[in-house]
Amino acid sequence: FYRDLFYGILSTVKDRSPGHNFNLPGKLFSLDSTTITLCQSLFKWAQFRTRKGGMKLHTLLDHDGYIPVVIRMTAAKVHDMVEGRKFHVNKDDTLLFDRGYFDSAWFYTLCQQGVFFVTRIKDNIGFECTERRQVNRKAGIRRDWIGYLTGTCADACPLKLRLVRFIDPKTGNELEFLTNYLELNAEVIADLYRERWPIENFFMWHKQRLKNNIYLRTYKTGVLEQHLVAVITSLLLPLIEHKAPPGAITTLYSIVF
C-alpha cells in the first residue's frame, strides 16, 4: 500500500518539478546509499557486524526537482554494487555515483545500454592514455585524457573512456573523474560530479529532520513502511505549500519537524 501510494504521489510531483540545469541528452540521476545503525538484538534481519546491526537505504535521485524516484532497503552488509545493478535508467540518461559503485563490467553494460555516467576513479586503477586534450587550468582542469582502463578492468570494459583531473579552487582537493562522455566540456564533467551532493543532503534531511530515529516496528517490512511514509511526507509538503493559505505552511512544517 505504502509503495503504491509513494509512486502515485511521485507521478504527480514529477509533473510539476523543474528540470536540471545541464544541457544533456536525457535525464540526470544520482545513485547512492546510506547506512542506518540498528540494535541487532531487536532487528535480527539487519545483521551487520558482530555486535552491531544496520540497514541501507539505496536511492536513485532524479535531479529534476531532486526527487527520490526509487528507494530500496537491505541489511547494511549488502554491497552497494549488488543493489546498484538493479537500478534502471533509460538510454541517453546520465548516472552519477561515487567509487562504491566502481565496477568495470557494469560500466561496459551502461555503455552498451547508451547510458552516460560520471564517477571517480580508484587510486589503484590503471588508465592508458591515447589522446591528450587541451585543458583550462584557470577552471581547475589539470588533465583531460581519452584512453582505456588497464589490467583486469580492460578485460571487463574494453571501451574508450575519459579521465579528467580537477583541482577544486575552493578546497584545493584533487579529484579524478572517469566518464564515457567523450565530447562534453571537461568543466561540465567536474560540475556534474559536484551535482551529486544533493543526494547526500537528501540522506541527511531524511535521517535528521524526518525523525526516523525511533521505529514503531522491528520487522523489515515495518521499517521500510516507516521510511516510505517519511519520503511520502517530503513529497507532499511542496504540493501542500502551493495550495496552503499564508502562514499555514509554517505551522505545518513546525508540526512535521
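Some points on the pattern of salt bridges
- This model, assessed by the stated rule, comprises 16 salt bridges.
- Notably, a salt bridge pairs D103 with R85, separated by 2.9 Å at the nearest N-O pair. A residue pair is termed long-range when its members are at least 10 positions apart, and D103 in the loop between β5 (94–96) and α3 (104–112) and R85 in the loop between α2 (80–84) and β5 qualify at 18 residues.
- When the shortest N-O distance is used, the salt bridge between E183 and R133 registers 4.0 Å. Pair noted here: E183 is in the loop between β10 (174–179) and α5 (186–194) and R133 is in the loop between β7 (127–132) and β8 (141–149), with a separation of 50 residues, a long-range link.
- Given the relative accessible area of 69%, E183 is considered exposed.

Some thoughts on the side chain of H20
- With respect to the helices and strands, H20 occurs in the loop between α1 (2–15) and β1 (28–38).
- The exposure class of H20 is buried, given its relative accessible area of 17%.
- For H20, the side chain forms a polar contact with the main-chain nitrogen of F22, separated by 3.2 Å.
- In this structure the side chain of H20 is engaged in a polar contact, spanning 3.4 Å, whose partner is the backbone oxygen of G26.

Describing the layout of surface pockets
- What the largest pocket holds in volume is close to 450 Å³.
- With six residues, the top contributor of residues to the lining of the largest pocket is helix α7 (residues 220–243).
- Tallied by class, the residues present in the lining of the largest pocket amount to 14 nonpolar, five polar and one charged.

Describing the side chain of T119
- With respect to the helices and strands, T119 occurs in strand β6 (residues 116–120).
- Under the relative-accessibility criterion, T119 is labelled buried at 0%.
- From its side chain, T119 meets the backbone oxygen of D98 in a polar contact 3.3 Å long.
- For T119, the contacting residues outside a window of four places in its chain are F97, D98, R99, F107, E176, F177, L178 and Y193.

Brief notes about unusual backbone geometry
- Even without glycine at this site, Y66 takes up a positive phi of about 55°.
- You can see Y66 is positioned in the loop between β3 (52–62) and β4 (67–75).
- In this model, D92 sits at a positive phi of 75°, which is unusual for a non-glycine residue.
- Relative to the helices and strands, D92 is located in the loop between α2 and β5.

Calculation criteria
- Residues numbered from 1 in each chain as written.
- Predicted model: local features only at pLDDT ≥ 70, side-chain atom pairs only at ≥ 80, totals over all residues.
- Heavy atoms only, no water.
- Salt bridge = Lys/Arg side-chain N within 4 Å of Asp/Glu carboxyl O.
- Helix = DSSP H or I, 4+ residues; strand = E, 2+ residues; numbered from the N terminus.
- Buried < 20%, exposed > 50% of the residue type's maximum accessible area, 1.4 Å probe, protein only.
- Polar contact = N/O pair within 3.5 Å; in protein donor to acceptor, adjacent residues only side chain to side chain.
- 1 Å grid on protein atoms, 1.4 Å probe; cavity = no way out; pocket = protein on both sides within 12 Å on 5 of 7 lines; lining within 4 Å.
- Points joined across faces, edges and corners; volume = space filled by probe spheres on them.
- Nonpolar A, V, L, I, M, F, W, Y, C, P; charged D, E, K, R; others polar.
- Contact = heavy atoms within 4.5 Å.

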